[in-house]
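# Coordinate inspection notes
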Amino acid sequence: MSSDARNAAYLTEQNINIDDAALVRQSQSGDTAAMERLILKYQNRIYNTILKMCGNADDAAELTQETFVKSIESIDRFKGKSSFYTWLFRIAVNLTLNYCQRGAHFATHSLETEETDLEGRSRQVLKEFLDDGRVTDPAVLAQSRELCDLAMRSLLQLEEPQRAVMVLRDIEGMDYTQIAEVLNIELGTVRSRLSRARSRLRELLEAMQK
Amino acid sequence: MKVNPQTDELLSAFLDGELSPRQQTEVQRMAAHDPDMAQRLQQLRGCRTLINVLPRADAPADLLEQVKLSLERRSLLEEHSVLTSTRAGVRHLRMRRFLAAAAMIALVGVLGLVIYQIVSPVRVAQTPVVAVAPVDESLSPAPIVKIAAGAPFSGRLELATASLDQVYKAIRMNAEDNELSCFGPEDPAGSRVVCRLVGSPEKLEAFLTGLNGMSPYFGTARLLVETDRFAQPVIVDSVTLPQVAGLVNQNSAESRVQAARNMAVLNQFAREIPGREIQVATSRKLNNAASELVGTLKPLLAQGRTRPNGSTPPEEGEVQVKASLTIVLRSAP
């Protein structure tokens, strides 16, 4: 299965065929079943986004839980000016960014301790990826566990704003407008920040390979 | 390859499909003709893909349950918080009410005291008591009250008696015994006799004390105490000789006049209120009690001090002030 197909399946699987607005209205009227359906609908996407931002499964689970608790507690204040999807992700990203700022050491520390272990096959795979522009087939990349690990470590080395915009775009698949809504920034800022993030990621990977 | 941030931004947006169709075409055209740009586009695409293919993780299976539990815990905590704050609020409210009530009571008390002091009548004893200076021989000799010069006692005592001759003789004898100058006829003639006694206040006081034994022979008695206002004496009706003695011994004109006025009021009470009578206090304790009960009568006779007849003579250099008492005797049936 190709990466796009896998993404599509993932998103479709999670897209329970019920309008968010209807579920939100029911939740606002106290329908706990509707709340549960909203949680089930978004829990994996929220968790995955948070995990890619913070890099720790336990923290991601806790932050995901906190995201839904907060969203349920404040669902009455949701006026529908934005979509529930971006509103929910705004809560998740804000919580995660705050969390990362409080404990910003974890990602850097993790990378520094493992940096010396980069040798052998990992170095070789990374060199091929960087040198051979043709190695962009998602299926090939996905098969390389070493490369995925390196990608994750590089991602965690990005500054949090750049990491957030890259995760929302390249992992969650949001468009620029949605990212702007979630992060509450200008559209142009999304564009420039994402470009810098990709450029910086490339630099980090090149630095690892040396 | 030199990296151009603006070109990177354009290429990145191109990869994301965020350019307009015209810009998309333009970038495609540029990449086709510029190998560096094509290479950079390939690098950025590689980065994008690398992140995109990162394995997706599923949320923990018990996430929903954890969310529910967390909500329940928070709900309980909020309830506890509300309860706690409510209890604290009740305690605070009770304390405020208590303090407000205490403050109100204190305020009312203070106001009541102030009002009472302003409007309360002068306390008068159920039985008016006239305190007369006690005759207490056991006491150590008291200093002689020096009457200020220019403030000697001067008054007129009007007595009605059925035994005019007898009383007049007693007067003269007492005056002589007490070394008082007596200006008056030796033998009374007619129904009215006037005599004037002059001497020191002590001697005059002793005279009055000695004459007190004749009180049963007196009918009405009136004392006119002269004041600094001409022809405006203080009149004390139903006066007794001890009262007169007390006035004679006052050491200032002011206190004497005030005492005479108080005495007039007391005697008025004694006459007009049935069942009331003036009691003569003969002990120091009673004198103090009378002072407390009568209040304004305090200065009346409190400083009075009698000295037995012929006791300590005036010291050398002491200014001798002459008191005078004019006695008008008239016969009455």
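Residues numbered from 1 in each chain as written. Chains lettered and ligands numbered in written order. Predicted model: local features only at pLDDT ≥ 70, side-chain atom pairs only at ≥ 80, totals over all residues. Heavy atoms only, no water.

Summing up its helical and strand segments, chain B has 9 helices and 8 strands in all. Going through the 333 residues of chain B one by one, you find that 36% of them count as buried. A fraction of 76% describes how many contacts in chain B between residues 6 or more apart in sequence connect residues 24 or more apart. Roughly 19800 Å² of accessible area belongs to chain B as shown, and the carbon and sulfur atoms make up 56% of that amount. (Helix = DSSP H or I, 4+ residues; strand = E, 2+ residues; numbered from the N terminus. Buried < 20%, exposed > 50% of the residue type's maximum accessible area, 1.4 Å probe, protein only. Contact = heavy atoms within 4.5 Å. Areas by Shrake-Rupley, 256 points an atom, 1.4 Å probe, with all protein chains shown as cover.)

Attention now moves to the sheet that holds strand β6 (residues 234-237) of chain B. Residues and elements named next belong to chain B. Pairing in this open sheet of 6 strands is mixed, and the strands run β3-β4-β8-β2-β5-β6 from one edge to the other. Both edges of this open sheet fall to β3 (181-183) and β6, since each of them pairs with a single strand only. Direction aside, the axes of adjacent strands within the sheet are offset by 20° on average. By the bridge criterion, 4 bridges tie strand β5 (residues 218-225) to β6 in an arrangement that is antiparallel. Pairing of Leu 224 across the sheet is with Ile 235, part of β6. Along the sheet face, helix α6 (residues 201-211) touches β4 (192-199), β5 and β8 (323-331) and points at about 30° away from the line of β8. Here helix α7 (residues 241-248) sits on the sheet and contacts β2 (154-161), β5 and β8; the angle it forms with β5, its principal contact strand, is near 15°. (Pairing = 2+ DSSP bridges. Axes fitted to C-alpha atoms, helices over the stretch in contact; angles between N-to-C directions.)

Once that is clear, we can look at the pairing of β8(B). Looking along a regular strand, one sees side chains alternate from face to face of the sheet. Residues and elements named next belong to chain B. Most of β8 is tucked away, with 7 of its 9 residues classed as buried. Relative to β8, β4 runs antiparallel, the two being bridged by 8 bridges. When the sheet's bridge partners are listed, Gly 199 is paired in β8 with Ala 323.

The next point concerns the confidence of the model for chain B. Residues and elements named next belong to chain B. Put simply, chain B has an average pLDDT of 76, and 72% of its residues get 70 or more. Taken as a whole, residues 280-318 scores under 50 in pLDDT and shows 74 contacts with residues more than four places along the chain or in a different chain. We note a pTM of 0.51 for the whole complex and an ipTM of 0.83 for its interfaces. (pLDDT = per-residue confidence, 0-100.)

Once that is clear, we can look at the nonpolar core. Ranked by size, the top nonpolar core spans 84 residues in total, and within it Phe84(A), Leu155(A) and Leu205(A) carry the most contacts. Residues Phe207(B), Phe218(B), Ala259(B) and Ala323(B) belong to the second largest nonpolar core, which totals 39 residues. (Core = buried A, V, L, I, M, F, W, Y, C linked by side-chain atoms within 4.5 Å.)

Moving on, we come to the packing of helix α5 (residues 84-102) of chain A against helix α10 (residues 160-171) of chain A. Two quantities define a packed helix pair, namely the angle between the helix axes and the distance between the axes. Residue and element names in this part refer to chain A. One can describe the packing of α5 onto α10 by two numbers: an axis separation of 11 Å at closest approach and a directional angle of 145°. Seen from above, α5 lies across α10 with right-handed handedness. Contacts between α5 and α10 involve Phe 89, Val 93, Leu 97, Cys 100 and Gln 101 on the former and, on the latter, Glu 160, Arg 163, Ala 164 and Leu 168. Its residues placed into classes, the contact of α5 with α10 shows 6 nonpolar, 1 polar and 2 charged. (Left-handed = near helix turned anticlockwise from the far one by under 90°. Nonpolar A, V, L, I, M, F, W, Y, C, P; charged D, E, K, R; others polar.)

Glancing now at unusual backbone geometry. Generally, phi is negative for residues other than glycine and the peptide bonds are trans, each holding for most cases. All names here are of chain B. Although it is not a glycine, Glu 179 sits at a positive phi angle of roughly 60°. With respect to the element layout, Glu 179 can be found in the loop between α5 (164-177) and β3. For Glu 179, a relative accessible area of 56% corresponds to the exposed category. At Ser 238, a position not held by glycine, the phi torsion is positive, near 55°. Since its relative accessible area comes to 34%, Ser 238 is described here as partly exposed.

All names here are of chain B. With their axes 10 Å apart at the nearest point, helix α1 (residues 5-16) and helix α2 (residues 21-33) run at an angle of 115° to one another. As far as their axial angle goes, α2 and α1 are roughly perpendicular. Between α1 and α2 lies a crossing whose hand is left-handed. Across the interface between the two elements, Leu 10, Leu 11, Ala 13 and Phe 14 from α1 touch Gln 24, Val 27 and Gln 28 from α2. (Parallel < 35°, antiparallel > 145°, perpendicular 65-115°, else oblique.)

This next bit is on a nonpolar patch on the surface. On the surface, Met104(B), Leu107(B), Val108(B), Val110(B), Leu111(B), Val114(B), Ile115(B), Ile118(B) and Val119(B) cluster together to form a nonpolar patch covering roughly 870 Å² of accessible area. Residue placement: Ile115(B) occurs in helix α4 (residues 63-119). (Patch = residues over 30% accessible without salt bridge, like charges linked within 9 Å, V, L, I, M, F, W, Y side chains within 5 Å. Salt bridge = Lys/Arg side-chain N within 4 Å of Asp/Glu carboxyl O.)

A separate point is the pattern of salt bridges. Residues and elements named next belong to chain A. The final tally for this structure, using the stated rule, is 16 salt bridges over all chains. Here Arg 200 makes a salt bridge to Glu 203, at a shortest N to O gap of 3.3 Å. Here the residue Arg 200 and the residue Glu 203 both occupy positions in helix α12 (residues 187-209), the gap between them amounting to 3 residues, near one helical turn. With a relative accessible area of 36%, Arg 200 lands in the partly exposed category. On the accessibility criterion, Glu 203 (40% relative accessible area) is partly exposed. Taking the shortest distance from any N to any O, the salt bridge between Glu 206 and Arg 202 comes out at 3.0 Å. Residue Glu 206 and its partner Arg 202 are located together in helix α12, separated by 4 residues, close to a single helical turn. Taking relative accessible area as the criterion, Glu 206 reaches 28% and is therefore assigned partly exposed. On the basis of relative accessible area, Arg 202 is assigned to the buried category, the value being 5%.

This paragraph deals with the interface of chain A and chain B. Counting from both sides, the interface comprises 48 residues of chain A and, opposite them, 39 residues of chain B. Summed over both partners, the interface of chain A with chain B buries about 4100 Å², with 59% contributed by carbon and sulfur atoms. A per-residue breakdown of the area chain A buries against chain B is headed by Gln65(A), Arg191(A) and Arg198(A), which together make up 15% of the total. At the junction of chain A and chain B, the tally comes to 4 salt bridges. Where chain A packs against chain B, one counts 14 residue pairs in polar contact (both at pLDDT 80 or more). The set of elements that each furnish at least two residues to the side of chain A that touches chain B consists of α1 (3-14), α3 (32-54), α4 (57-73), α8 (138-143), α9 (145-157), α10 and α12 of chain A. Classifying every residue of the side of chain A that touches chain B gives 24 nonpolar, 12 polar and 12 charged. (Buried area = accessible area lost by both parts, 1.4 Å probe. Polar contact = N/O pair within 3.5 Å; in protein donor to acceptor, adjacent residues only side chain to side chain.)

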